[in-house]
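Below are the chains, spelled out letter by letter.
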Amino acid sequence: MTRAFVFPGLTTRVVFGHGTLAQVPDEVARLGHGRALVLATPQQADQAAQMAGALGTRAAGVFAEAAMHTPVDVTERAVAAFRDASADCLVSLGGGSTTGLGKAIATRTGADQVVIPTTYAGSEMTDILGETAEGEKVTRRDPSIRPEVVVYDVDLTLGLPVGLTMTSALNAIAHAMEGLYAPDRNPVTEALSRDALSAFAAALPVLRDDPTNRAARAQALYAAWGCSTALGYVSMALHHKLAHVLGGSFGLPHAETHAILLPHTTAYNEVAVADLLAPIRDTFGANSAGAGLWQFAKDIGAPMTLAELGVSEADLDRAADLAVKNPYDNPREITRAGIRQLLQDAWDGRKPA
Ligand code: NAD
């Protein structure tokens, strides 16, 4: 029987293709703006300067200090730079860290955002912002956070290092995985998730051996769009909560943490919602979704253990305490013992049963 659902509608304009970076000035103009502050990390400052050059008189300046987990002190400096430059919109060029900075400025100033993602992390289509202050990451959702325009240019991903290719893609796959069992899922997010999982499953093994393969890069970026869109319109559960606890409280790298946790969080919830995770079993070809994702991650060369990120076995107790501190909706009951075992499995890199 067809399930009842609510489809909230999609609000972000998307431009996808090769060479689409050239369309960014027109997209800024289309929004009715004339002074864009271009954002990037220090590592992508040159690309941001070129973007500002291409924007010409529509550029208000460059702020290239974006950092992982969106530290609030960086945002405060960026908001000051936005106001000092009399900017009226944002162009965020980079991975999830740069997108996060753009969202943090937008929700404080009301500025429109044009986002140009260069990893597969999948923040660009969501209304979600995680910010860190004093070692704690606080995540919230609000319509003012969601970007107005996303310009996907496959050419910008041709040089994405293989490691970040795989880990940021697994970060995106985690969005689709949680979307499959989200209570507010709908036929659009379900279809996009299934399609994105298949596209990643086909593209990532190709990119492992041939990172500049243009067709596989296009397929992977398309998959990232699908995963990001799915997450943008459904609620998150255990996987994202745990990744945020570990990332924010232990300063772990975001994409790697997601990649390592994914098979284990999937296996934990598969006990309760095996039927809803069937698309993962179908796509990654295993008897269990957790085991299928574990084998896939191993095959594409992703990091497999929390130990290799420098987490000590003693940290696992504190992480388990933090992860169960505030209750939240999840398909399977969250217990301290269950989460402690999940973390142990992720620390050891054990293949889920
Ligand atoms: P990142 O943005 O931190 O990028 C990692 C490094 O790679 C940076 O130095 C960056 O400049 C560089 N880089 C990016 N693209 C590159 C490219 N094409 N070639 C070479 N170098 C490149 O990493 P990420 O994994 O994309 O993003 C992680 C952040 O995104 C975290 O802060 C996380 O919380 C956030 N995130 C948020 C959401 C959301 O919906 N709110 C979703 C996913 C991720």
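No experiment lies behind these values; they were computed from the predicted model shown.

Focus on the overall build of the protein chain
When its secondary structure is counted, the protein chain shows 13 helices and eight strands. Relative to its length of 353 residues, the protein chain is compact, with a C-alpha radius of gyration of 19 Å against a globular reference of 20 Å. The long-range share in the protein chain, meaning contacts at least 24 apart out of those at least 6 apart in sequence, stands at 76%. Total accessible area on the protein chain stands at roughly 13,600 Å², and carbon and sulfur atoms take up 52% of it. Computing the positive centroid from 28 side-chain charges and the negative centroid from 38, the protein chain places the two 2 Å apart.

A word on the sheet that holds strand β3 (residues 59-63)
Strand order in the open sheet formed by six strands is β1-β8-β5-β4-β2-β3, with parallel pairing between adjacent strands. Every other strand in the sheet has two partners, leaving β1 (13-17) and β3 as the edge strands with one partner each. Across the sheet, the mean angle separating the axes of adjacent strands is 15° when strand polarity is ignored. Of the strands in this sheet, β2 (36-39), β3, β4 (89-94) and β5 (112-117) are in contact with helix α4 (residues 96-109), which crosses β4 at around 165°.

A closer look at the site of the ligand
Around the ligand sit 26 residues in total, of which Thr41, Ser97, Thr118, Thr119 and Thr126 are the nearest. Interatomic distance of 2.8 Å between a backbone N/O atom of Gly96 and an oxygen atom of the ligand. A distance of 2.8 Å is found between a nitrogen atom of the ligand and a backbone nitrogen or oxygen belonging to Ile128. The protein chains hide 86% of the 860 Å² of surface that the ligand would expose on its own. Elements represented by at least two residues in the shell around the ligand include exactly α4, α5 (162-181) and α9 (254-273). Partitioned by chemical class, the residues of the shell around the ligand number eight nonpolar, 16 polar and two charged. The two domains that each donate at least three residues to the shell around the ligand are domain 1 (13-157) and domain 2 (162-348).

Things to note about the nonpolar core
Within the largest apolar cluster, 49 residues are counted, with the highest numbers of intra-cluster contacts made by Tyr120, Leu170, Ile173, Phe200 and Ile280. Each of domain 1 (13-157) and domain 2 (162-348) accounts for three or more of the residues forming this core. The residues touching Ile280, leaving out its near neighbours within four places in the chain, are Met177, Leu180, Leu197, Gly285, Ala289 and Leu293. Core analysis: the second largest hydrophobic core is formed by 21 residues, Leu242, Ile339, Ala346 and Trp347 among them.

Some remarks on the side chain of Thr266
Of note, Thr266 is situated in helix α9. A relative accessible area of 0% places Thr266 in the buried class. Those residues in contact with Thr266 that lie beyond four places of it in its chain are Met177, Leu277, Ala289, Gly290 and Leu293.

Observations concerning the domain arrangement of the protein chain
Per the domain assignment, the segments of the protein chain are domain 1 (13-157) and domain 2 (162-348). For domain 1 and domain 2, the distance between their C-alpha centroids amounts to 25 Å. In this complex, domain 1 contributes 26 residues to the contact, which on the side of domain 2 involves 31 residues. Carbon and sulfur atoms make up 61% of the area that domain 1 and domain 2 hide from each other, which totals about 2,300 Å². At the junction of domain 1 with domain 2, the criterion picks out one salt bridge. The salt bridge involving Asp155 is made with Arg214; its shortest N-O contact spans 3.4 Å. Linking domain 1 to domain 2 there are 14 residue pairs in polar contact (both at pLDDT 80 or more). Elements supplying a minimum of two residues to the side of domain 1 that touches domain 2: β1, β6 (128-133), β7 (136-141) and β8 (149-153). Sorting elements by how many residues they give to the side of domain 1 that touches domain 2 places β7 first, with three residues. Counted by class, the side of domain 1 that touches domain 2 contains nine nonpolar, 10 polar and seven charged residues.

Cut-offs used in this document
- Residues numbered from 1 in each chain as written.
- Predicted model: local features only at pLDDT ≥ 70, side-chain atom pairs only at ≥ 80, totals over all residues.
- Heavy atoms only, no water.
- Helix = DSSP H or I, 4+ residues; strand = E, 2+ residues; numbered from the N terminus.
- Rg over C-alpha atoms; globule rule 2.2 N^0.38 Å.
- Contact = heavy atoms within 4.5 Å.
- Areas by Shrake-Rupley, 256 points an atom, 1.4 Å probe, with all protein chains shown as cover.
- Lys, Arg positive; Asp, Glu negative; His and termini not counted.
- Charge placed at Lys NZ, Arg CZ, Asp CG, Glu CD.
- Pairing = 2+ DSSP bridges.
- Axes fitted to C-alpha atoms, helices over the stretch in contact; angles between N-to-C directions.
- Near = heavy atom within 4 Å.
- Polar contact = N/O pair within 3.5 Å; in protein donor to acceptor, adjacent residues only side chain to side chain.
- Nonpolar A, V, L, I, M, F, W, Y, C, P; charged D, E, K, R; others polar.
- Domains from an automatic or database assignment.
- Core = buried A, V, L, I, M, F, W, Y, C linked by side-chain atoms within 4.5 Å.
- Buried < 20%, exposed > 50% of the residue type's maximum accessible area, 1.4 Å probe, protein only.
- Buried area = accessible area lost by both parts, 1.4 Å probe.
- Salt bridge = Lys/Arg side-chain N within 4 Å of Asp/Glu carboxyl O.

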